[in-house]
Amino acid sequence: MDEIGHKFARLETLRAAGFPVPDFFCLPAAEFDRALDGVRGALPPVTSAPVREWCAAAATALVKAVPEGDLAAGLLDAFDERIGADATAAVRACAVPGGDGGGEDSADDPFAGMSDSFLYVSRDGLLEAVARCWASAFKAEAVRYRALRGVDPARVRVAVGVQRMVLGTRSFVAFTRDPRDGSRHHVIAAAHGIGEGVVQEKADVDHFFVDPKTGTVRAEVVAKRHMVGPPADGETDPRVTEVPEALREVPVLTDDQAQEVADLAARVEERFGCPQDIEGTFTPDGAVHLVQARPMAGEGAEAGPRVLWGNHNVTENFPGVSGALTYSQARMFYELAFTDLYRRMGVPERWLRANAHRLRRMVGHLDGRVYYRLDDWQELHGRLPVFDLVRAGWEEGMGITGEARGARRWSRARVVAALPLTAWRAAGHPRATARLLRRWDGLMAEIHGPAAPPLAERSPDELIALYRRVWAEVARRWGVTLANGLYGLLVMRAVTALLRRWAGAGPELLPGLLCGGRENRSLAAARAAIALAERAAAIPELKAALLAADAADHGGEEGGAEKGAGEERLRAVWADVAAGRYGSSMAAAARGYLRRYGDRGMHDLKLDEPTPRQRPWAVAATIAPFVRQGATVAGNRAGEARAAADARRRLRAACRDPLRRSVLTALLSLMRWFVRTREDTRFLRTQLFGLSREVLWRLGDHLAAAGMLDDPMDVHDLTVEEVVGAFDGTLPGADLRGLAAVRRAERDRDRAAPPPPALLSAPAGRPVAMALRDVRPAGAEPHPDAHGVLRGLGSSGGTVRGRAKVVLDPGIAPAACAGRILVARETDPGWLPLLISASGLVVERGTLLSHTAVTGRLLGVPAAVAVGGAVGRIPDGAWIELDGRAGTVRILDAPPER
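Here is what the cut-offs are and how they apply
- Residues numbered from 1 in each chain as written.
- Predicted model: local features only at pLDDT ≥ 70, side-chain atom pairs only at ≥ 80, totals over all residues.
- Heavy atoms only, no water.
- Helix = DSSP H or I, 4+ residues; strand = E, 2+ residues; numbered from the N terminus.
- Buried < 20%, exposed > 50% of the residue type's maximum accessible area, 1.4 Å probe, protein only.
- Contact = heavy atoms within 4.5 Å.
- Areas by Shrake-Rupley, 256 points an atom, 1.4 Å probe, with all protein chains shown as cover.
- Pairing = 2+ DSSP bridges.
- Axes fitted to C-alpha atoms, helices over the stretch in contact; angles between N-to-C directions.
- Parallel < 35°, antiparallel > 145°, perpendicular 65-115°, else oblique.
- Left-handed = near helix turned anticlockwise from the far one by under 90°.
- Nonpolar A, V, L, I, M, F, W, Y, C, P; charged D, E, K, R; others polar.
- Phe/Tyr/Trp six-rings, centres within 6.5 Å; stacked < 30°, edge-to-face > 60°.
- Patch = residues over 30% accessible without salt bridge, like charges linked within 9 Å, V, L, I, M, F, W, Y side chains within 5 Å.
- Salt bridge = Lys/Arg side-chain N within 4 Å of Asp/Glu carboxyl O.
- Lys, Arg positive; Asp, Glu negative; His and termini not counted.
- Charge placed at Lys NZ, Arg CZ, Asp CG, Glu CD.
- Core = buried A, V, L, I, M, F, W, Y, C linked by side-chain atoms within 4.5 Å.
- pLDDT = per-residue confidence, 0-100.
- Disulfide = S-S within 2.5 Å.
- Polar contact = N/O pair within 3.5 Å; in protein donor to acceptor, adjacent residues only side chain to side chain.
- Expected span 1.5 Å × (residues − 1).

What the protein contains, in helices and strands, is 31 helices and 25 strands. Counting over 898 residues, the protein shows a buried share of 53%. When contacts within the protein are restricted to residue pairs at least 6 apart in sequence, long-range pairs at least 24 apart make up 69% of them. Accessible surface for the protein amounts to roughly 38300 Å². Of this, 52% is attributable to carbon and sulfur atoms.

Here is the structure:
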């Protein structure tokens, strides 16, 4: 190592291990020492001349110190034997380790580009190239670099390697980690011609991103005009030439070749035990050759374990910044519900107790935002053998890509062996679901029934007892709702596989086939709003008042004074409705809607935001868009029926075999049941969080009345444990006012700061608040394809062209979305007024079973979910084309023709 340097020692290790390294030989640093000693008499003393002047003089002298005598003869003999008398070589210098360690291409100091290389060197030019390599030890750039690193520039030693020149036609540089963020992706830069074109940025380069876990390859292809090739006749240096016309638009590497390069890089990393940067080339016969390998430089190489976090899916329920009250309630929900799920699925109680810490931290609070801790999710779900069957679909729905993906835990035989017991448990699932719905409905009727005292009249102890009773029910039974999701994913996997095999259809046919069947509770809530709007539209005075208030509320897209005036008018309209001004039947219908659906609103799981239960005039805002559109329940049902009939017709045309079609029909009926149950239990969850909001807000009133809070709404910045502990006597300290003020200030700062990435990794073993300073995006960044098309999952059929309305704040006016294609990161049931107004829906997150997908089918408008990067890549106001069947979004250059 001390004589030939890291670069050549590493190549020799690889060659000896059977890697495809072209033959080479080395001239040790001892020969450099002899050459430098031979010219030292012509140099000024190192101590009397400035270092840079001495180095310049040394470089000038060494370039003339061409090897002679026995050394020259030995070099030429080695060239003939290893390279070939008529062949050419790459002659490269390498600074070897000194007394201070280090050395070129070491793990600590890449020294990249500081030593010279000479390509296409013939036998006749070998000796001169060696002298030029020696001289490069003292070139100005290398001297400055060593001085910057605190190394004496005059003490350098250089070895020279001579490697057979491989006449490659496509060359690459590959990294086993993404150099941008250190994530576990293989990144390849490739160009036509030789590798100097990539390294020196003289060629047009395609990039390839290979996921080492799945083997998937994503290419970023450019139009290629320039490449670097052999010297022209009579020249010695490589030259930039034109890429042949036929090669300009196609990728430099095929997917198979990119995978081959990634596998080669991974093997090199395994050999040396750290992330690697390799260079190589493909010859016309398709063989790959490895010409260099070195440890990755800089921050690209990861140091130490990291924790993976993601909020791709959770933001549908907890978007933006959430206060301490919301987060603590969410954490309790996940812990209790998933503990019940794992218990129901047969995970041993002893294992659950040993991993209780994982259950408690399934969700974290990062910069005020709710995130999943993905390593714990993977570990917990991994206890279920059948989870391996749906892992890919689950990860897609969770937005998990790249390094965040989990590996299979169980053998195929173990998974198959688990299926009978899973089927037995699934057989009892409908009964368990019916018991949950029946018991929950009874509990809600008891709490809100005519004989029950209003929550406003109950004492703090009574409110806390009620709260505990309800959440005890969650701990006992809520796993049923999560098991429904697991069984639904298993059935969906079977349906999509059979659709592909028997009907030649992808997931785009599935949304229409899921239409129809018995109405679920979420759909019933939407249709109840339509029915209330129909009733209001039939009263001319009320219709006019609603439309006028709605127009005032939407006077400006950004809100402001006009919007505030509109809200006052909506309040007045609701007050008149509730007072019976428009008839007792209308008042009774409005009160009935509020009693049944008052907990469903914008962000209805966030306890720091109100719902119609607290702001009843929001009902007027909900039905106004329906009134404006003239929507009817009958029309909505007819639209759903048309979509279902069209999907069935397409299925009959695609799958002619009646027996296979019967199997698909039975599975689709089962899948509709799982979807209906999912939406039914989502509504139960809305009620659960609605009741919790009412109880905890009432306790906030009591704390403010006792002087422990300045304002009842300061309860948003306390945890559930702190609020309840204030009455139980389990609260350490009593300064809730100061605690709420600190957290409120933090929440304001978090709102003003840019959000962390949706999928990120942070160093393990450090306080999370500190670790977030070293956040790296994780996973694969979504990109349009070569034609500029964004792709997701088609979830509601139809094609629409129109202007995009990018919505980051759902508080904007529904009128701002009228006739526009709504583009958002996520939606929840409270977005309904906006979704009603839009002509199409594009959402970055979600699955075929998510709220946006279900709502798109309900409203009969084209919709696509899981369209990664849509908010960042679709400009607000841009003309786009949405294909809700294929799940594609195309940005148009000009307005579409009528």
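This part takes up the sheet that holds strand E19 (residues 793-796). Remark on secondary structure: sheet strands pair via backbone hydrogen bonds, oriented parallel or antiparallel. Spatially, the 8 strands line up as an open sheet ordered E18-E25-E24-E20-E21-E22-E23-E19, and their pairing is mixed. The sheet terminates laterally at strand E18 (789-791) and E19, the two strands that pair on one side only. Between one strand axis and the next, the sheet turns by 30° as a mean value, whatever way the strands run. Where strand E20 (residues 799-806) meets strand E21 (residues 821-824), 3 bridges bridge the pair, whose relative direction is parallel. Bridged to Ala804 within E21 is Ile821.

Moving on, we come to the packing of helix H4 (residues 69-83) against helix H5 (residues 126-135). Where H4 contacts H5, the two axes come as close as 10 Å, and the packing angle between them is 110°. By the angle between their directions, the pair H4 and H5 is classed as roughly perpendicular. Crossing angle aside, the handedness with which H4 passes H5 is right-handed. Counting all contacts with H4, which are made through Leu71, Ala72, Leu75, Leu76 and Phe79, the residues of H5 involved are Leu126, Leu127, Val130 and Trp134. Class assignment for the residues of the contact of H4 with H5 results in 9 nonpolar, no polar and no charged.

So, on to the side chain of His716. Counting through the fold element by element, His716 comes out in the loop between helix H25 (658-705) and helix H26 (720-728). The exposure class assigned to His716 is buried, which follows from its relative accessible area of 8%. With sequence-adjacent residues up to four places away left out, His716 is seen in contact with Gly323, Ala324, Leu325, Leu607, Asp608, Trp697 and Arg747.

This brings us to the sheet that holds strand E5 (residues 170-175). If you trace the 6 strands from one edge of the open sheet to the other, you get E8-E7-E6-E5-E11-E12, paired in antiparallel fashion. Of all strands in the sheet, those with a lone pairing partner are strand E8 (217-220) and strand E12 (288-295), marking the two edges. Direction aside, the axes of adjacent strands within the sheet are offset by 20° on average. The pairing of E5 with strand E11 (residues 276-282) spans 6 bridges and is antiparallel. The partner of Ser171 across the bridge, within E11, is Thr281. This element, helix H1 (residues 5-16), spans E11 and E12 of the sheet and lies at about 130° to E12.

With that settled, consider the environment of Pro212. Within the secondary structure, Pro212 is located in the loop between strand E7 (206-210) and E8. Distance from Pro212 to Gln259, taken between C-alpha atoms, is 8.9 Å for residues 47 residues apart in sequence.

In this description, a pair of aromatic rings is defined by centroid distance and the angle of the planes. One pass over the structure, following the stated rule, counts 21 aromatic pairs. Between Phe333 and Trp478, the ring centres sit 6.2 Å apart and the planes meet at 75°, which makes this aromatic pair edge-to-face. Remark: Trp478 occurs in the loop between helix H16 (460-477) and helix H17 (479-503) and Phe333 occurs in helix H9 (residues 324-344); sequence separation between them is 145 residues. Classification of Phe333 by relative accessible area gives buried; the value is 7%. Classification of Trp478 as buried rests on a relative accessible area of 2%.

Two quantities define a packed helix pair, namely the angle between the helix axes and the distance between the axes. Packing of helix H15 (residues 429-448) against H16 leaves a shortest axis separation of 12 Å and a crossing angle of 175°. Overall, the two elements H15 and H16 adopt an arrangement that is roughly antiparallel. Touching Leu436, Arg439, Trp440, Leu443, Glu446 and Ile447 of H15 are Leu466, Arg469, Val470, Glu473, Arg476 and Arg477, all from H16.

So, about a negative patch on the surface. On the surface, Asp255, Asp256, Glu260 and Asp263 cluster together into a patch of negative charge. Position of Glu260 among the secondary structure elements: in helix H8 (residues 255-272). Take Glu260: its relative accessible area is 34%, and that puts it in the partly exposed class.

Turning to the pattern of salt bridges, a few remarks are in order. The full count for this structure, using the stated rule, is 53 salt bridges. Its salt-bridge partner being Arg331, residue Glu721 comes within 3.5 Å of it at the nearest N-O pair. Note that Glu721 is positioned in helix H26 and Arg331 in helix H9, a separation of 390 residues in sequence. Residue Glu721 is classed as partly exposed on the basis of its relative accessible area, which comes to 39%. Taken together, the shared-partner salt bridges connect Arg358, Arg361, Arg373, Asp375 and Asp376 into one network.

Take helix H23 (residues 618-629) next. Among the residues of H23, those classed as buried are Val619, Ala620, Thr622, Ile623, Ala624, Pro625, Phe626 and Val627. Gly630 sits one or two residues past H23 and shows a positive phi near 70°.

Our focus in this paragraph is the nonpolar core. In terms of nonpolar packing, the biggest core is built from 95 residues, with Tyr334, Tyr342, Leu499, Leu651 and Leu688 touching the most fellow members. Of the residues forming this core, the biggest block, 15 residues, is contributed by H25. In this structure Tyr342 touches Val347, Leu352, Leu359, Met362, Leu380, His381 and Leu384, once residues within four positions along its chain are discounted.

Moving on, we come to the confidence of the model for the protein. As a note on interpretation, predicted positions should not be read in detail where pLDDT is low. Within the protein, residue pLDDT values average 86, and 89% of them lie at 70 or more. Per-residue pLDDT stays below 50 along residues 556-561; that stretch engages in 4 contacts with residues further than four places along the chain or on separate chains.

Of all the 5 residues making up strand E16 (residues 759-763), 5 are buried; the element is thus mostly covered by neighbouring parts of the structure. Alternating residues of E16 divide into Leu759, Ser761 and Pro763 and Leu760 and Ala762, and every residue in both groups is buried. Judged from the 5 bridges that link them, strand E13 (residues 306-310) and E16 form a sheet pairing that is antiparallel. Among the inter-strand pairings, Leu308 is bridged to a residue of E16, identified as Ser761.

With the rule as written, the count across this model stands at 0 disulfides. Take Cys94: it sits in no disulfide, and the sulfur closest to it among the cysteines is that of Cys26, at 8.4 Å.

By secondary structure assignment, the location of Leu718 is in the loop between H25 and H26. By relative accessible area, Leu718 is classed as buried at 0%. Expressed as a C-alpha distance, the spacing of Leu718 and Arg737, which sit 19 residues apart in the sequence, is 9.6 Å. Those residues in contact with Leu718, other than ones at most four positions away along the chain, are Ala324, Leu325, Leu703, Leu709, Val723, Leu736, Leu739, Ala740 and Arg743.

Within the fold, Arg10 resides in helix H1. The exposure class assigned to Arg10 is buried, which follows from its relative accessible area of 10%. A polar side-chain atom of Arg10 sits 3.3 Å from the main-chain carbonyl oxygen of Ala293.

A few words now on unusual backbone geometry. Notably, Tyr120 is not glycine yet its phi reads approximately 55°, a positive angle. In this structure, Tyr120 sits in strand E3 (residues 117-121). Its identity as a non-glycine residue notwithstanding, His603 has a phi of 55°, on the positive side. Assignment of secondary structure puts His603 in the loop between helix H22 (584-597) and H23.

Attention now moves to H1. One turn of an α-helix holds 3.6 residues; hence residues three or four places apart share an orientation. If you check H1, its first and last C-alpha atoms are 17 Å apart, about what 12 residues at 1.5 Å a residue would give, namely 16 Å. Among all positions in H1, only Gly5, His6, Lys7, Phe8, Ala9, Arg10, Leu11 and Leu14 are buried. Phi turns positive one or two residues past the end of H1, at Gly18, with a value near 95°.

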